[in-house]
Every structure is written in C-alpha cells, then in structure tokens.
Amino acid sequence: MSIERDYEDERRHVKGVTTTPKPPGPIARVSRPKAAARDWYDVFSTYYNTVADPFEAPARNAGLELLDATPGERVLDVGCGTGNALVALARAVGANGTAVGIDLAEGMCRASRRALTDAGLEWGVVVEGDAATTPFRKNTFDALFASFVLELFDTPEILTVLDEWRRVLDPGGRLCVVSLSRRGGGPYTRLYETVHDLVPTYVDCRPIYVCDTLREAGFRIVDEREETAWQLPVEVVHCRIT
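In what follows, the accompanying structure is described. As the structure is a computational prediction, the values presented were derived from the model and not from experiment.

## A few points about helix α1 (residues 34-44)
Here comes step 1: Burial in α1 covers these residues: A37, W40, Y41 and F44. The buried residues of α1 occupy an angular sector of 95 degrees when projected down its axis, which confines them to one face.
Here comes step 2: Where the residues of α1 are buried, they touch α2 (48-51) and α5 (106-118).

## Some points on the nonpolar core
One broad trend across soluble globular proteins is that nonpolar side chains are buried collectively.
Here comes step 1: Counting 33 residues, the largest nonpolar core has W165, L175 and L214 as its most contacted members.
Here comes step 2: At the level of elements, β3 (74-78), β4 (98-103), β6 (141-147), α6 (155-168), β7 (169-180), α8 (210-216), β8 (219-229) and β9 (232-241) are the ones that each hand at least two residues to this core.
Here comes step 3: When residues of this core are assigned to their parent elements, the largest contribution, five residues, is made by α6.
Here comes step 4: When near neighbours in sequence (up to four residues on either side) are disregarded, W165 contacts V78, A131, L144, A146, V149, L150, F153, L175 and V177.
Here comes step 5: Among the nonpolar cores identified, the runner-up in size contains 32 residues, and V75, V93, L116 and C205 belong to it.

## Focus: the environment of G124
Here comes step 1: The topology assignment puts G124 in strand β5 (residues 124-128).
Here comes step 2: For the pair formed by G124 and L89, sequence separation is 35 residues and the distance between their alpha carbons is 8.8 Å.
Here comes step 3: Excluding its chain neighbours within four sequence positions, the residues that come into contact with G124 are A99 and L116.

## Digging into the pairing of β7
Here comes step 1: Along β7, nine of the 12 residues are buried, which leaves the element largely enclosed by surrounding structure.
Here comes step 2: By the bridge criterion, six bridges tie β6 to β7 in an arrangement that is parallel. Residue S147 lies in a different strand from β7, and its bridge partner there is V178.
Here comes step 3: Here seven bridges tie β7 to β9, and the two strands are oriented antiparallel to one another. Directly across from L175, in β9, lies its bridge partner C239.

Definitions and limits used
- Residues numbered from 1 in each chain as written.
- Predicted model: local features only at pLDDT ≥ 70, side-chain atom pairs only at ≥ 80, totals over all residues.
- Heavy atoms only, no water.
- Buried < 20%, exposed > 50% of the residue type's maximum accessible area, 1.4 Å probe, protein only.
- Helix = DSSP H or I, 4+ residues; strand = E, 2+ residues; numbered from the N terminus.
- Arc of directions from axis to C-beta.
- Contact = heavy atoms within 4.5 Å.
- Core = buried A, V, L, I, M, F, W, Y, C linked by side-chain atoms within 4.5 Å.
- Pairing = 2+ DSSP bridges.

What follows is the structure in structure tokens.
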C-alpha cells in the first residue's frame, strides 16, 4: 500500500476481517526546503503562542490525554515548538522521568527552554535538531509525542521519519500523533490545500491520512479521536509498535 495511491472509500471484507476505509487520493507535496522552514520558525517563535497555539491547543491536549505519560517514563516531544506540550509531559513524568524536546528551529528551542524554566521543570531538556535524523540512541524512549509535525515532512520522507521515531522508541513503546487530516475534509480542506500550494512557507502544515500512514509504517492503532483546528479536521492517534 502506498500513501500516494488512490484508494476506495468503502470498507472491504477480507477473510472475514473488516479493514478500515482507505484514503481516496494522494496528499499534497511539501516544496519548502528545511532551511526555509527553520528560518521561518525562528521568526515565528516570537508570535506562535498568540497566533497559532489557541487553535492547536484543544487537539494537542487531546493527544496528551491519549498518550497519558506517567511518572518515571522517558518521553520525547518531536517538534516541541514553544514548549507547551513539553511542559505538560515534564510535569507528567516528574523528576524521576525524562522529558526531551527536539526542534529544528533555534528560536523554538529557546522558547521551550524558557517555558521549562518558568515552570520550574529543570529535568526537562531541549535539543536542536532534525526529527528525521535524531541524535538519540535506539530504544531511548518509552513514548513519543508529535503535534502538528508529521504533516510538515514531504510525502516521500514521511515513512522514513516514522522509521526513525520507531528506532528511538523502546520495544512496546507508544506514539501519539496529532495532525491535520485529509480524511473527510470538505471545502475548507480544499481551500486550505490551495493556499498551502501558493504560500508553502507560511501555510506549511497540509492534511494527511494519519491512521493509514501509521498503519503503513507498521504501528498498531490503539485509540483515535477527531478534533478540529482552524475549522479543519484533525486526527489524534495513539498507537504502539507492533
């Protein structure tokens, strides 16, 4: 199965097992170079909590609830941004746990470190780096959280990124992805995709088929929720390594 291939909309029955509906079409590509993304988020880090976070917070909080980090766990927040999720994860794992954030943009990393300091969570750590090639050893983390991040990667890179996330997770580890969804998208989604094609540097997240992509990458879906952001559908998916 390829995430760029056309699929049927209806459920299929194979050997008595009902499979999930398959995506109806290809997803948009990402034309913006990573250097441009880094530079944009360096600038945007100053305004992110005012401009974007109010729209993303409900879906992000739903993802944190599904991931349900517990005291003593080792958790990685991919694309930690201004640190809102990282602060919540650091509180959840406590001083005996490990909460690490990684972000491509130096400005976002500074904001995350400041958020941890302001919250008195000195055990939280922020690393500047590419989430597609993280500096962490194999099996480092019990859980991984990614909110409005996976859809930033170009389509051919998504499965490679998920392989990297699988690598740093402990066997049996779990992953929660919060992402704009193309499944069930209506006119707002089509309009958004048009704007994304016109100004990909500034309207960078684009809707993807989240559950289908995670299954293709070999993850087992445990739970999922439907949320919205900017009136666009969002998939919140909790899964485990199979």
